[in-house]
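Per-entry structural report
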Amino acid sequence: MYTILQRIAAHDSGAVDEAIAAYGGMVYRVARRYLDRAQSDIDDAVQEVFIELWLKAKAFDPAKGGERAFVAAIAHRKMIDRQRRL
């Protein structure tokens, strides 16, 4: 059985919807914690995380850690990058 990120890496477009359903709330909470901005800025930041997941899905290795931790790490890094740009 493949993980959501492995399916994204294989270009399964349905897996993107599953990733949003599974991890969207967590990514949103991370964005709110880092960004004290308007709702549109938070929404944009969340979207950036999911774009990054699409681009980096091949880097996920379930032997090295869990999928949720991988998503959280990307979300944290993207929020730090976003703060630095502001």
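Residues numbered from 1 in each chain as written. Predicted model: local features only at pLDDT ≥ 70, side-chain atom pairs only at ≥ 80, totals over all residues. Heavy atoms only, no water.

1. Here we look at the overall build of the protein chain
Helices and strands together make up the secondary structure of the protein chain, namely four helices and zero strands. Along the protein chain, from the amino end to the carboxyl end, the secondary structure elements read α-α-α-α. Here the C-alpha atoms of the protein chain give a radius of gyration of 13 Å, agreeing with the 12 Å that 2.2 N^0.38 yields for 86 residues. In the protein chain, which comprises 86 residues, the proportion classed as buried is 36%. (Helix = DSSP H or I, 4+ residues; strand = E, 2+ residues; numbered from the N terminus. Rg over C-alpha atoms; globule rule 2.2 N^0.38 Å. Buried < 20%, exposed > 50% of the residue type's maximum accessible area, 1.4 Å probe, protein only.)

2. Details of the pattern of salt bridges
For the structure on display, the rule yields six salt bridges. Taking the shortest distance from any N to any O, the salt bridge between Arg85 and Glu48 comes out at 3.3 Å. Note that Arg85 is positioned in helix H4 (residues 67-85) and Glu48 in helix H3 (residues 39-56), a separation of 37 residues in sequence. Looking at Arg85, the relative accessible area reads 51%, which means it is exposed. With a shortest N-O distance of 3.8 Å, Lys78 and Glu52 are connected by a salt bridge. In this pair, Lys78 is assigned in helix H4 and Glu52 in helix H3, connecting sequence segments 26 residues apart. For Glu52, a relative accessible area of 17% puts it in the buried group. Here the salt bridges share partners, and the residues they tie into one network are Arg7, Asp12 and Glu18. (Salt bridge = Lys/Arg side-chain N within 4 Å of Asp/Glu carboxyl O.)

3. Some thoughts on a nonpolar patch on the surface
Nonpolar side chains collect at one region of the surface, where Ile51, Trp54 and Leu55 lie side by side and expose about 310 Å² of accessible area between them. Position of Trp54 among the secondary structure elements: in helix H3. (Patch = residues over 30% accessible without salt bridge, like charges linked within 9 Å, V, L, I, M, F, W, Y side chains within 5 Å. Areas by Shrake-Rupley, 256 points an atom, 1.4 Å probe, with all protein chains shown as cover.)

4. What about the packing of helix H2 (residues 13-34) against H3?
Axis separation between H2 and H3 bottoms out at 10 Å; the angle between their running directions is 135°. The orientation of H2 with respect to H3, classified from their angle, is oblique. Every pair of crossing elements has a handedness; the one defined by H2 and H3 is right-handed. Residue-level inspection shows Val16, Ala19, Ile20, Tyr23, Gly24, Val27, Tyr28, Ala31 and Arg32 of H2 in contact with H3, the latter providing Gln39, Ile42, Asp43, Val46, Val49, Phe50 and Trp54. In the contact of H2 with H3, the residues fall into twelve nonpolar, two polar and two charged. (Axes fitted to C-alpha atoms, helices over the stretch in contact; angles between N-to-C directions. Parallel < 35°, antiparallel > 145°, perpendicular 65-115°, else oblique. Left-handed = near helix turned anticlockwise from the far one by under 90°. Contact = heavy atoms within 4.5 Å. Nonpolar A, V, L, I, M, F, W, Y, C, P; charged D, E, K, R; others polar.)

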